[in-house]
Amino acid sequence: MSNLRFITVTTLSIFSLLLLLAIHSTDASIHVYDRDPFREVGNAYLVSGGSEGLAASRISNPLPRHSASVTANDGRSFIRFQNITFWRTAASAAKYSKTERRTGLVQVIIFEAADRDNIGGSPYGGQRSICCTPDLAKVEGCKQGEVIRRPSARDPNWPVTVNVYFRGKSQTAQLKTTEAYITKTGMYNLFFISCDPSLKGMTLSGQTLWKNPDGYLPGRMAPLKKFYVIMAVAYALLCAAWFSQYVRFWDDVLQLQHCISAVVAIGLFEMILWYFDYAYFNNTGIRPVAITTWVVTVGAIRRTISRLLILCVSMGYGVVRPTLGGLTTKVMLIGVTYFLSTELLNITENVGTISDIAGRARVILVLPNALLDAFLIMWIFTSLSKTLTQLQAKRSSVKLDTYRKFSNALLITVVLSVVWIGYEVYFKATDPFNERWQSGWIITSFWDILAFALLCVICYLWTPSQSSQRYAYSEERDEDSDEETEALNSGTPKGDIGLVKQERREKNGQHMDEFDLDDDDDDAEGKRE
């Protein structure tokens with residue numbers, strides 16, 4: 001009980017600390033540019049400023065575009081530019097005199113994904129150009145040296161363009177603090193573009209704030225804040241149900257049930273951390289690196305322990321074998337490898353990530369993680385098949401029934417996982433521009449729901465009770481239990497049970513010797529491996 005109290009007090013202390021951290025909020029930037037270089041794309045030089053799903057403002061009369069008097073939770077949705085500065089090379093600036101007014105143009109372009117075809121053009125159906133050329137000026141009516149822009153059908157003021165000019169011999173050009181208000185829900189993209197070849201080598205510094213009506217969370221991430229509240233409550237209820245039995249029948253708890261307790265507790269802690277990660281991000285616009293790193297590490301630990309737990313259960317650890325023998329090293333090795341792979345993937349995907357589009361690094365890191373999962377699934381089902389065979393040979397009806405239910409739950413989980421992976425591939429393949437961002441959060445949340453459901457099944461099958469020891473490894477106990485049941489059912493007097501046992505042992509002596517030899521061979525083979 002003292003250990004339980006210590007764990008409870010520690011958890012509540014961490015919870016309170018994170019709550020104070022999440023409540024403290026300041027208006028801060030979302031996308032920061034630190035001398036980001038312009039890269040050449042076709043006939044233009046550009047920097048991608050970000051891409052996020054934004055909901056429409058709930059206020060019908062937004063403030064003027066050049067006003068900065070906006071609070072963090074006023075129901076408006078906007079993109080704000082702060083301290084945006086363009087830096088050109090000294091060689092580029094030296095080409096002009098101090099008296100010239102406009103010596104270089106940079107354009108800021110904001111457009112919804114649905115209006116992507118309104119940017120750029122192709123004069124004769126060939127390669128698409130971003131900047132207006134002499135041929136395109138005749139066809140499109142655009143202004144040579146500027147970005148080709150056609151008004152959106154829904155709003156002639158979109159896509160939004162803001163022109164910033166270099167003056168004289170100055171090496172810098174600045175954009176005043178400006179907001180572009182969002183009046184329609186959609187996936188919005190920001191680009192800084194120059195069509196002037198003399199500005200090659202230019203860099204960008206400053207920051208932009210992307211705000212939804214309820215805070216700074218990107219549109220795809222916003223529903224996850226509420227989702228993790230629900231998941232934290234679900235894990236809390238599971239913890240209450242599990243640990244009430246765990247403490248009540250402490251003297252009968254198995255080693256396997258200690259491992260299940262660890263997974264349940266870590267799961268609750270992870271859901272709480274995820275909520276505060278998103279809450280802090282939503283309030284401040286900055287994704288807290290410390291909290292995010294902690295949450296992805298805790299998540300990697302939970303996933304690793306969960307998979308090793310399922311693997312050990314499938315091997316019959318503590319049920320048909322007292323130890324893993326020579327397989328312990330292999331299990332630990334796959335556990336460490338899986339943890340490192342999951343940790344690296346989650347850090348790349350979450351730590352410091354604020355845009356609604358996943359990078360190429362994540363796609364590369366997903367492959368080894370998926371291969372490890374596939375290997376673990378094969379190992380789990382191979383081990384589970386051997387364990388079921390051994391339980392059938394031993395005629396351990398209680399254990400066999402539990403393992404059959406466990407194998408059915410695992411099979412359903414694997415089938416659902418394969419189906420969902422297929423749906424996820426289809427979802428991303430048919431939405432290259434993230435226009436279905438509002439339902440993208442379901443892709444992430446499904447895996448947490450599936451893991452929680454499987455954990456509930458495991459908790460149900462191995463709930464601590466007075467009879468928990470019947471699942472423990474004890475070959476003699478399993479045989480005696482089944483023989484007593486058969487004797488009682490056949491009407492044999494209680495005093496004759498011992499005679500029945502002795503007679504059956506004599507008849508089956510040779511069979512059990514052979515079975516023991518087989519077990520010894522398996523253990524020896526495991527040690528050799």
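Use the structure listed above.
Small disclaimer: the values here were computed from a predicted structure and weren't measured.

Right, let's talk about the environment of Thr 387 for a bit. Following the sequence through the fold, Thr 387 ends up in helix 8 (residues 360–394). Its relative accessible area of 2% is what places Thr 387 among the buried residues. The spacing of Thr 387 and Gly 316 is 71 residues in sequence and 5.8 Å in space, taken between C-alpha atoms. Thr 387 has contacts with Ser 314, Met 315, Gly 316, Val 320 and Tyr 403, leaving out every residue within four places of it along the chain.

Attention now goes to the side chain of Ser 383. Residue placement: Ser 383 occurs in helix 8. On the basis of relative accessibility, which here comes to 9%, the residue Ser 383 falls in the buried class. Residues in contact with Ser 383, not counting those within four places in the same chain, are Leu 311, Ser 314 and Met 315.

Let us now look at unusual backbone geometry. Following Trp 158, the chain continues into Pro 159 via a peptide bond in cis, with omega recorded as -5°. Phi is positive for Arg 35, which is not a glycine, with a value near 50°. By the element assignment, Arg 35 lies in strand 1 (residues 31–37). On the basis of relative accessibility, which here comes to 43%, the residue Arg 35 falls in the partly exposed class.

A few words now on the nonpolar core. With 61 residues, the main nonpolar core has Ile 260, Val 264, Val 331, Phe 406 and Trp 462 as its most contacted residues. Every element with two or more residues in this core is listed here: helix 4 (222–248), helix 5 (255–284), helix 6 (289–314), helix 7 (328–350), helix 8, helix 9 (397–429) and helix 10 (441–461). Looking at which element gives the most residues to this core, the answer is helix 5, with 12 residues. By size, the runner-up hydrophobic cluster in this structure holds 31 residues, among which are Val 164, Leu 175, Ile 182 and Leu 190.

Our focus in this paragraph is the packing of helix 4 against helix 10. Across the interface, helix 4 lies against helix 10 with an axial gap of 11 Å and an inter-helix angle of 5°. Taken together, the axes of helix 4 and helix 10 lie roughly parallel to each other. Within the contact between the two elements, helix 4 uses Pro 223, Leu 224, Phe 227, Tyr 228, Met 231, Ala 234, Tyr 235, Leu 238 and Trp 242 and helix 10 uses Trp 441, Thr 444, Ser 445, Asp 448, Ile 449, Phe 452, Leu 455, Cys 456 and Cys 459. Of the residues belonging to the contact of helix 4 with helix 10, the class tally is 15 nonpolar, two polar and one charged.

In this section: the environment of Thr 177. Examined against the element boundaries, Thr 177 turns out to sit in the loop between strand 7 (172–175) and strand 8 (178–181). On the basis of relative accessible area, Thr 177 is assigned to the partly exposed category, the value being 32%. Separated by 96 residues in sequence, Thr 177 and Phe 81 have C-alpha atoms that sit 5.3 Å apart.

Quick look at the sheet that holds strand 6 (residues 160–166) now. The strand order across the open sheet built from five strands is 2-3-9-5-6, with neighbouring strands paired in antiparallel fashion. Two strands bound the open sheet, and with one partner strand each, they are strand 2 (39–41) and strand 6. Across this sheet, the average inter-strand angle for adjacent strands is 35°, counted without regard to direction. As judged from the nine bridges shared by strand 3 (residues 44–54) and strand 9 (residues 186–194), these two strands associate in the antiparallel manner. Across the sheet, the residue bridging to Val 47 is Phe 192, located in strand 9.

Here we come to the packing of aromatic side chains. One pass over the full model with this rule turns up 24 aromatic pairs. Judged by centre distance (5.2 Å) and plane angle (70°), the rings of Phe 227 and Tyr 228 are edge-to-face. Taken individually, Phe 227 and Tyr 228 each receive the classification buried, so the pair is uniform in this respect. Each ring, one from Tyr 228 and one from Trp 274, has its centre 5.6 Å from the other, and the planes form 15°; the classification is stacked. Of the two residues, Tyr 228 sits in helix 4 while Trp 274 sits in helix 5, which places them 46 residues apart along the sequence. Pair check on accessibility: Tyr 228 and Trp 274 agree, each one buried. An aromatic cluster is present here, built from Tyr 33, Phe 38, Phe 81, Phe 86 and Phe 192 joined pairwise through their rings. If you follow Arg 35 out to its NZ or CZ, it ends over the ring of Trp 87, 4.2 Å from the centre. Here Arg 102 stacks its cationic end above the ring of Tyr 165, 4.1 Å away from the centre of that ring.

Now for the pattern of salt bridges. Evaluated as defined, the whole model comprises 12 salt bridges. A salt bridge links Arg 154 to Glu 112; the shortest N-O distance between them is 3.2 Å. Separated by 42 residues along the polypeptide, Arg 154 in the loop between helix 3 (134–140) and strand 6 and Glu 112 in strand 5 (residues 104–112) bring together distant segments of the chain. Among the residues examined, Arg 154 registers a relative accessible area of 31% and is labelled partly exposed. Residue Arg 307 pairs with Asp 373 through a salt bridge whose shortest N-O separation is 2.9 Å.

It is worth spelling out the state of the cysteines at this point. Considering all chains together, one arrives at two disulfides under this definition. The partner cysteine of Cys 131 in its disulfide is Cys 195, sulfur to sulfur 2.0 Å. With the S-S bond torsion at -85°, the cross-link from Cys 131 to Cys 195 turns out left-handed. Placement of Cys 131 in the loop between strand 5 and helix 3 and of Cys 195 in the loop between strand 9 and strand 10 (203–211) is noted, with a sequence separation of 64 residues between them. A relative accessible area of 2% means that Cys 131 is categorised as buried. With a relative accessible area of 13%, Cys 195 lands in the buried category. Linked covalently through their sulfurs, Cys 132 and Cys 142 form a disulfide whose S-S length is 1.9 Å. Linking Cys 132 and Cys 142, the disulfide has an S-S dihedral of approximately 75° and is accordingly described as right-handed.

Quick notes on the rules
Residues numbered from 1 in each chain as written. Predicted model: local features only at pLDDT ≥ 70, side-chain atom pairs only at ≥ 80, totals over all residues. Heavy atoms only, no water. Helix = DSSP H or I, 4+ residues; strand = E, 2+ residues; numbered from the N terminus. Buried < 20%, exposed > 50% of the residue type's maximum accessible area, 1.4 Å probe, protein only. Contact = heavy atoms within 4.5 Å. Core = buried A, V, L, I, M, F, W, Y, C linked by side-chain atoms within 4.5 Å. Axes fitted to C-alpha atoms, helices over the stretch in contact; angles between N-to-C directions. Parallel < 35°, antiparallel > 145°, perpendicular 65-115°, else oblique. Nonpolar A, V, L, I, M, F, W, Y, C, P; charged D, E, K, R; others polar. Pairing = 2+ DSSP bridges. Phe/Tyr/Trp six-rings, centres within 6.5 Å; stacked < 30°, edge-to-face > 60°. Lys NZ or Arg CZ within 6 Å of the ring centre and 35° of its normal. Salt bridge = Lys/Arg side-chain N within 4 Å of Asp/Glu carboxyl O. Disulfide = S-S within 2.5 Å.

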